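# A structural walkthrough
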Amino acid sequence: MWQSYVNGLLVAAGLIMAIGTQNAFVLAQSLRREHHLPVAALCVTCDALLVAAGVFGLATVLAQNPTLLAFARWGGAAFLLWYGSLALRRACSKQSLQQGENQTVRSLRAVMLSALAVTLLNPHVYLDTVLLIGSLGAQQTEPGAYVVGAASASLLWFFTLALGAAWLAPWLARPSTWRILDLLVAVMMFTVAFQLISAG
């Protein structure tokens, strides 16, 4: 059970830590103190539901077809190795998170609708949560523990951003910080990829 939980935690953490539209949105809301906690909760809920749909929807299909299971294993390992390589490339380049500080305060409804759009209209969300995390989770001995692990990573990450963004704003703006995060992402992705290869 714990191995499945840790795998879900590592895979999800590696995918959500990279700079992207969702993280940028949460950080921007947090720096402005504009409904940042509800936004973080919404992101966590969406991630957990999408991962669960991927895990339990694909689990039945994969269990009935060993060829698909092998394809998912090797395809997932290849994707993780590729994603880890991208993270290493980002770690070697300068990048920082640009924040807009001059926006007017919006209503909770407007902010939550924007958060939904950023989360659900981004095709990478489905690639990451439903297809990649979901297909890997369908192969775990304890898929439920894997989903909980992935949800835990999302919970820890988004609420850390929401609660700590203002205090960490100068630090988060440094390219060196994101290089370290991308390096950690690469290590996580490579670790899980090699676990999949070994299991095959």
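Just so you know, these numbers come straight off a predicted model, no measurement behind them.

### Some remarks on the overall build of the protein chain
When its secondary structure is counted, the protein chain shows 8 helices and 0 strands. In the protein chain, the succession of α and β elements from N to C terminus is α-α-α-α-α-α-α-α. For the protein chain, contacts bridging at least 24 residues in sequence account for 90% of all contacts bridging at least 6. Just so you have it, the protein chain exposes about 9900 Å², and 70% of that area is on carbon and sulfur atoms.

### Focus: helix H5 (residues 108-120)
Between the first and last C-alpha of H5 there are 18 Å, a value that for 13 residues agrees with the 18 Å anticipated at 1.5 Å per step. Among the residues of H5, those classed as buried are Val111, Ala115 and Thr119. For H5, the angular spread of the buried residues around the axis is 70°, confining them to a single face.

### Quick look at the side chain of Asp47
Along the chain, Asp47 turns up in helix H3 (residues 36-63). In this view, Asp47 contacts Ile16, Gln22, Thr129, Ser154 and Phe158; residues no more than four positions away in its chain are not counted.

### Digging into the environment of Thr141
Its place among the elements puts Thr141 in the loop between helix H6 (123-138) and helix H7 (143-172). With 140 residues separating them in the primary sequence, Thr141 and Met1 have C-alpha atoms 7.2 Å apart.

### With respect to the packing of aromatic side chains
Scanning the entire structure with this criterion turns up 1 aromatic pair. An angle of 80° between the planes, with centres 5.7 Å apart, marks the rings of Trp2 and Tyr5 as edge-to-face. One end of the pair, Trp2, and the other, Tyr5, are both in helix H1 (residues 2-16), 3 residues apart, so they sit about a helical turn from each other. For Trp2, a relative accessible area of 60% puts it in the exposed group.

### What about the nonpolar core?
Counting 46 residues, the largest nonpolar core has Leu80, Ile133 and Phe158 as its most contacted members. For this core, the secondary-structure elements that each account for two or more residues are H1, helix H2 (21-32), H3, helix H4 (66-91), H5, H6, H7 and helix H8 (175-199). Leave out the neighbours within four places in its chain, and Leu80 touches Leu132, Leu136, Met189, Val192, Ala193 and Leu196.

### So, H4
Given a rise of 1.5 Å per residue, 26 residues ought to cover 38 Å, and the 37 Å separating the end C-alpha atoms of H4 matches this to within 8%. Taken residue by residue, H4 has Ala72, Arg73, Gly76, Ala77, Phe79, Leu80, Tyr83, Gly84, Ala87 and Ala91 as its buried positions.

### A few points about the UniProt feature "transmembrane region" (unreviewed entry) in the protein chain
According to UniProt, the "transmembrane region" (unreviewed entry) feature falls on residues 6-27, 39-62, 68-88, 108-126, 146-168 and 180-197. With 100% helix and 0% strand, residues 68-88 has end C-alpha atoms that lie 30 Å from one another. Structurally, residues 180-197 is divided into 100% helix and 0% strand, and its ends, taken at the C-alpha atoms, are 26 Å apart.

### Some words on a nonpolar patch on the surface
A cluster of nonpolar side chains, Leu88, Leu183 and Val187, forms an exposed patch at the surface whose accessible area comes to about 240 Å². Tracing the backbone through its elements, the reader meets Val187 in helix H8. Here Val187 falls in the partly exposed class, since its relative accessible area comes to 48%.

Conventions and cut-offs
- Residues numbered from 1 in each chain as written.
- Predicted model: local features only at pLDDT ≥ 70, side-chain atom pairs only at ≥ 80, totals over all residues.
- Heavy atoms only, no water.
- Helix = DSSP H or I, 4+ residues; strand = E, 2+ residues; numbered from the N terminus.
- Contact = heavy atoms within 4.5 Å.
- Areas by Shrake-Rupley, 256 points an atom, 1.4 Å probe, with all protein chains shown as cover.
- Expected span 1.5 Å × (residues − 1).
- Buried < 20%, exposed > 50% of the residue type's maximum accessible area, 1.4 Å probe, protein only.
- Arc of directions from axis to C-beta.
- Phe/Tyr/Trp six-rings, centres within 6.5 Å; stacked < 30°, edge-to-face > 60°.
- Core = buried A, V, L, I, M, F, W, Y, C linked by side-chain atoms within 4.5 Å.
- UniProt positions renumbered as here; feature names shortened; annotations may be inferred.
- Patch = residues over 30% accessible without salt bridge, like charges linked within 9 Å, V, L, I, M, F, W, Y side chains within 5 Å.
- Salt bridge = Lys/Arg side-chain N within 4 Å of Asp/Glu carboxyl O.

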